[in-house]
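So you can see what is in the structure, the chains are spelled out below.
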Amino acid sequence: MRAMLLDAPRRPLRAADIPRPEPAPGQLLIAVRACGVCRTDLHVADGELPDPKLPLILGHEIVGTVATGPGVERFAPGTRVGVPWLGWTCGACRFCRAGRENLCDRARFTGYQLDGGYAEYAVADARYVFALPNGYSDLEAAPLLCAGLIGYRALVAAGDAERLGLYGFGAAAHVVAQVARWQGRRVFAFTRPADVTAQRFARGLGVEWAGDADAAPPEPLDAAIIFAPVGALVPAALRAVERGGTVVCAGIHMSEIPAFPYDLLWGERVVRSVANLTRRDGEEFLALAPKVPVRTRVEPYALARANEALDNLRTRQVSGAAVLDITA
Ligand SMILES: [Zn+2]
Ligand SMILES: [Zn+2]
């Protein structure tokens with residue numbers, strides 16, 4: 001099969017023909033049709049996340065059809081499925097037993113410790129694979145699997161905030177904005193200074209105010225979610241939220257958070273992160289998305305252009321979500 005391989009961090013992916021993976025007990029063999037390109041892929045490729053499997057096939061927003069495998073009791077061959085970041089958990093540690101498998105001591109992640117979807121085939125443990133809603137093309141469904149899922153988890157972590165700020169308006173924020181509007185919240189988008197394209201994109205999705213990340217919103221917020229991997233946004237977001245407000249850091253990696261005065265945290269403001277996902281998040285969000293309905297904006301790339309997709313994400317030239325079209 002054709003695959004794009006990461007031989008080592010900080011090196012471009014290499015196009016290769018490699019043997020199709022063999023599904024182990026409990027796994028499905030999936031013919032990949034589309035795979036989203038997520039910022040986490042960049043953090044892995046750039047060596048910001050430690051100890052990836054090497055060589056590695058990146059990609060954890062996999063849409064494909066079940067080819068075969070011992071896991072087919074759960075999904076018949078030909079079924080369209082989605083494979084997310086959470087690839088395996090132990091089921092036995094204190095986090096798993098408490099319904100917090102996203103924090104499992106021994107969790108393994110797709111496109112990081114397990115091979116992902118920048119390839120024509122992937123294997124996945126059938127217990128962590130999702131059925132996908134109808135009404136989305138393969139390309140449109142891919143961003144639901146991480147940008148959507150983790151964005152949804154971050155939105156839940158933001159509580160019942162009426163006035164919600166979103167810092168960084170990429171793949172995740174463009175989904176979360178739609179869900180938040182549908183829930184009746186008011187949404188405020190913060191982008192890189194003077195990024196009028198992203199601000200216009202945000203307003204087109206019902207965001208009532210879009211401005212620069214270092215600007216103050218027109219009124220205080222009840223919560224903010226930071227999707228950009230920029231630690232300096234933490235004090236900025238704390239400054240923007242009202243007493244009792246929550247700032248959720250939704251990325252897996254962030255630059256260092258600068259020191260800030262205690263006044264910014266005082267008044268029962270909360271700073272928290274959101275890590276990974278549980279299968280329950282996935283089931284809830286994939287049931288919710290078609291009700292909103294969430295519409296994803298995707299920029300397709302052929303598999304061989306994966307490096308270009310990553311570069312465009314790095315330089316923020318993607319509007320919405322970059323997705324590899326494996327059928328192209
Ligand atoms: Zn566990
Ligand atoms: Zn992701």
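Residues numbered from 1 in each chain as written. Chains lettered and ligands numbered in written order. Predicted model: local features only at pLDDT ≥ 70, side-chain atom pairs only at ≥ 80, totals over all residues.

## Quick word on the overall build of the protein chain
- On a plain count of helices and strands, the protein chain comes out with nine helices and 17 strands.
- For the protein chain, the spread of C-alpha atoms along the three principal axes comes to 55 × 40 × 40 Å.
- The burial tally for the protein chain puts 51% of its 328 residues in the buried class. (Helix = DSSP H or I, 4+ residues; strand = E, 2+ residues; numbered from the N terminus. Buried ≥ 20, exposed ≤ 12 C-beta atoms within 10 Å, placed from the backbone.)

## A closer look at the pairing of strand β10 (residues 163-167)
- Counting buried positions along β10 yields five of five residues, so the element is predominantly enclosed.
- Residues Arg-163, Gly-165 and Tyr-167 of β10 are buried on one face, and the alternating residues Leu-164 and Leu-166, pointing to the opposite face, are buried as well.
- Between the parallel pair β10 and strand β11 (residues 186-191), the chain is carried across by helix α5 (residues 171-182), and the sense of this crossover is right-handed.
- As paired elements, β10 and strand β13 (residues 221-226) share four bridges and run parallel to each other. Within β13, the residue paired with Tyr-167 across the bridge is Ile-226. (Right-handed = clockwise from strand over helix to strand, strands pointing away. Pairing = 2+ DSSP bridges.)

## Points about the domain arrangement of the protein chain
- Splitting the protein chain by domain gives domain 1 (2-146 + 277-325) and domain 2 (149-273).
- Placing a centre on the C-alpha atoms of domain 1 and another on those of domain 2 gives a separation of 26 Å.
- Contributions of two or more residues to the side of domain 1 that touches domain 2 are made by α1 (39-45) and α8 (279-288).
- The element contributing the most residues to the side of domain 1 that touches domain 2 is α8, with four residues.
- Looking at side-chain class alone, the side of domain 1 that touches domain 2 contains twelve nonpolar, six polar and six charged residues. (Domains from an automatic or database assignment. Nonpolar A, V, L, I, M, F, W, Y, C, P; charged D, E, K, R; others polar.)

## Quick word on the nonpolar core
- Counting residues in each nonpolar core, the largest one holds 116 residues, and the members touching the most others are Leu-166, Ile-225 and Ile-226.
- Take this core: its biggest share by element is eight residues, from α5.
- The residue makeup of this core includes at least three contributed by each of domain 1 (2-146 + 277-325) and domain 2 (149-273).
- Those residues within four positions of Leu-166 in sequence are excluded, and the remaining contacts are Ala-173, Val-176, Ala-177, Val-187, Ala-189, Phe-190, Ile-225 and Phe-227. (Core = buried A, V, L, I, M, F, W, Y, C linked by C-beta atoms within 7 Å. Contact = placed C-beta atoms within 7 Å.)

## Side note on the sheet that holds β13
- On the basis of which strands lie adjacent, the open sheet formed by six strands has the order β12-β11-β10-β13-β14-β15 and parallel pairing. A single partner strand is all that each edge strand has here, and the edge strands are β12 (209-212) and β15 (270-273). For this sheet, the mean inter-axis angle between neighbouring strands, taken without regard to orientation, is 20°.
- By the bridge criterion, four bridges tie β11 to β12 in an arrangement that is parallel. For Thr-191, the partnering residue across the bridge sits in β12 and is Asp-212. (Axes fitted to C-alpha atoms, helices over the stretch in contact; angles between N-to-C directions.)

## Quick notes on unusual backbone geometry
- With an omega of -15°, the peptide bond between Leu-54 and Pro-55 qualifies as cis.
- Topologically, Pro-55 is positioned in the loop between α1 and β4 (62-68).
- Phi at Arg-316 is positive, roughly 55°, even though this residue is not glycine.
- For Arg-316, the location among the structural elements is in the loop between α9 (306-314) and β17 (321-325).
- Assessed through the 16 C-beta atoms surrounding it within 10 Å, Arg-316 is described here as partly exposed.

## A look at α9
- For α9, every residue scored as buried is listed here: Ala-306, Ala-309, Leu-310 and Leu-313. For α9, the angular spread of the buried residues around the axis is 95°, confining them to a single face.
- Where α9 is buried, its residues meet β1 (2-5), β3 (27-37), α1, β16 (298-302) and β17.
- Arg-316 lies just past α9 and shows a positive phi near 55°. (Arc of directions from axis to C-beta.)

## What about the environment of Asp-214?
- Tracing the backbone through its elements, the reader meets Asp-214 in the loop between β12 and β13.
- Asp-214 sits in the exposed class, given 12 other C-beta atoms within 10 Å.
- Linking Asp-214 and Ala-240, residues 26 residues apart in sequence, is a C-alpha distance of 9.8 Å.
- When sequence neighbours within four positions are dropped, the list of residues in contact with Asp-214 reads Pro-193 and Ala-236.

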